[in-house]
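The residues making up each chain are set out below.
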Amino acid sequence: MTQVRTRFAPSPTGFLHIGGARTALFCWLYARKMHGTYILRIEDTDLERSTQESVQAILDGLEWLNLFQDEGPYFQTQHFDRYREVIAKMLEEGSAYRCYCSKERLELLREEQMARKEKPRYDGHCRNLPADSSRECVVRFKNPDEGVVRFHDLVRGEVAIANAELDDLIIARTDGTPTYNFTVVVDDMDMHITHVIRGDDHINNTPRQINIFKALGATPPFYAHVPMILGSDGKRLSKRHGAVGVMQYREDGFLPEALINYLVRLGWSHGDQEIFSISELIEYFEITDINRASAAINPDKLLWLNQHYMKHSDPLHVAQELAWHMERLGIDTSNGPELVDIIALQVDRTKTLKEMAERSRYFYEPVVLSEEMKTHFTEENLQAILLLRDRLAQLPLWSKDAIHEVLVSTAEMHGLKLGKLAQPVRVALTGGTVSPSIDATMVLLGKKCVLERLDALLVDKPLNAP
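Residues numbered from 1 in each chain as written. Predicted model: local features only at pLDDT ≥ 70, side-chain atom pairs only at ≥ 80, totals over all residues. Heavy atoms only, no water.

1. So, the nonpolar core
Alright, step 1. With 102 residues, the main nonpolar core has Leu-62, Leu-259, Ile-287, Leu-322, Leu-392 and Met-442 as its most contacted residues.
Alright, step 2. Here this core takes 10 residues from helix H1 (residues 18–33), the largest share from any one element.
Alright, step 3. Those residues in contact with Leu-392, other than ones at most four positions away along the chain, are Trp-398, Ile-403, Val-406, Met-442, Lys-447, Val-450, Leu-451 and Leu-454.
Alright, step 4. Listed in part, the 30 residues of the second largest apolar core include Met-189, Val-196, Ile-203 and Tyr-223. (Core = buried A, V, L, I, M, F, W, Y, C linked by side-chain atoms within 4.5 Å. Buried < 20%, exposed > 50% of the residue type's maximum accessible area, 1.4 Å probe, protein only. Helix = DSSP H or I, 4+ residues; strand = E, 2+ residues; numbered from the N terminus. Contact = heavy atoms within 4.5 Å.)

Okay, structure coming up:
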């Protein structure tokens, strides 16, 4: 069997959206499963819309997801000489021709066809005209007039399109730049692509591309057209549904493993299993198991997956991602607890790393109490906090159990329930009313920091010692 070669071929006209990321994942998984080759090809022939910023966004997104290519990235703009060579050959052999029709003629033709309720298509007016180098022209592919294009889609099954439904598409513009359907065929042919996995919005292009393959004397690859991803409202995914760019998911605090697991389940399944390691995905993935129906995004499921991976992934890996969020928030973590300890403390209380970072600022920065937070302190609990501060200072062992015992006994000495002491202490140490258990929080803050923050509170709220 010929070695499997897949390719992900995005256009650099924007960010890497999750639909594209899922396509890349399916291409990558199938190549890995079949011990084949996964290629990254940047289709940048749209010179007006393609940008280097978009190229970098695609590369950054794939790198973050760990979908590294075996070959590439290749850029179509680096292959213009090859495209011109193939077009010249097609013109010589008669499978392409020069078209001199004006925009006005084509627009009139379209209006007349629509008025007759016909499908708009080029009428082949220039098919047999002699070449005239003095006139501006495009180059069109001479599509077969008769017959049917048949192919077996690995997702959809048998597909048949009559050639009468297809027109002579433009393969080179007036400035000589090649068009999408042509460059795709030349690249897939030259790169020996065996399997094309892409969104089903391309399915109408496939018969045209197969015909070009045949005109070039090449064997078309196998095709698998993957259904689109829908928004939670069942409509086509768009910016109104929130984060649709891959790196936006990173900015929102998701781990790459969680997004990979989430994306693969949007349209593919293996029994009832929900959580997969990469090795399991490679072992189980089959193109033919991709569902024909579109899948809708489910934000709650992604959050659930993300918390799972925050809990069960390598803590050092999660800490690296958390460090990225801390840096984005301007939090210096060089002085304070280790991030792996922050994760262990906060993971049950947060679903994203962004949320975890935002809720952990007080471990690394001084606390400034708002006027609202200051209302949590009373003469009664300040007396208890003063005693607590002195007893904490005398602790020989700074441990959760020892701190908890001091908290409980201090509250009892002042006739307070534990919460009536723990909550104002929490406010003093964190600047807010929500945190992990106060004894565990105090352990991570460290003895020196805890005493300094309680001292700052007591200076701000002076009282007479009992």
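2. Quick notes on the packing of helix H17 (residues 418–430) against helix H18 (residues 438–445)
Alright, step 1. Relative orientation of the contacting elements H17 and H18 amounts to 30°, with a least axis distance of 10 Å. The angle between the axes of H17 and H18 places the two elements in the roughly parallel class. Regarding H17 and H18, the two cross each other, and that crossing is left-handed. In contact with Ala-422, Val-425, Arg-426, Leu-429 and Thr-430 of H17, H18 contributes Ile-438, Thr-441, Met-442 and Leu-445. (Axes fitted to C-alpha atoms, helices over the stretch in contact; angles between N-to-C directions. Parallel < 35°, antiparallel > 145°, perpendicular 65-115°, else oblique. Left-handed = near helix turned anticlockwise from the far one by under 90°.)

3. Remarks on the packing of aromatic side chains
Alright, step 1. Under the counting rule described, the total for this entry stands at nine aromatic pairs.
Alright, step 2. With a centroid separation of 5.8 Å and an interplanar angle of 55°, the aromatic rings of Tyr-249 and Phe-254 are classed as tilted.
Alright, step 3. On the basis of relative accessible area, Tyr-249 is assigned to the buried category, the value being 8%.
Alright, step 4. Accessibility expressed as a relative area gives 7% for Phe-254, which makes it buried.
Alright, step 5. Above the plane of the ring of Tyr-122 lies Arg-140, whose end atom (NZ or CZ) is 3.7 Å from the centre.
Alright, step 6. Its end group placed over the ring of Trp-324, Arg-250 keeps NZ or CZ at 4.0 Å from the ring centre. (Phe/Tyr/Trp six-rings, centres within 6.5 Å; stacked < 30°, edge-to-face > 60°. Lys NZ or Arg CZ within 6 Å of the ring centre and 35° of its normal.)

4. Thoughts on the sheet that holds strand E8 (residues 170–172)
Alright, step 1. Strands sit in the order E4-E5-E8 across an open sheet of three strands; the sheet is antiparallel. Two strands in the sheet have a free side with no partner beyond their single neighbour: strand E4 (96–99) and E8. Looking at each pair of strands side by side, their axes are set apart by 45° on average, direction ignored.
Alright, step 2. Note that E4 and strand E5 (residues 138–141) share four bridges and pair antiparallel. The residue bridging Arg-98 from the neighbouring strand is Val-139, located in E5. (Pairing = 2+ DSSP bridges.)

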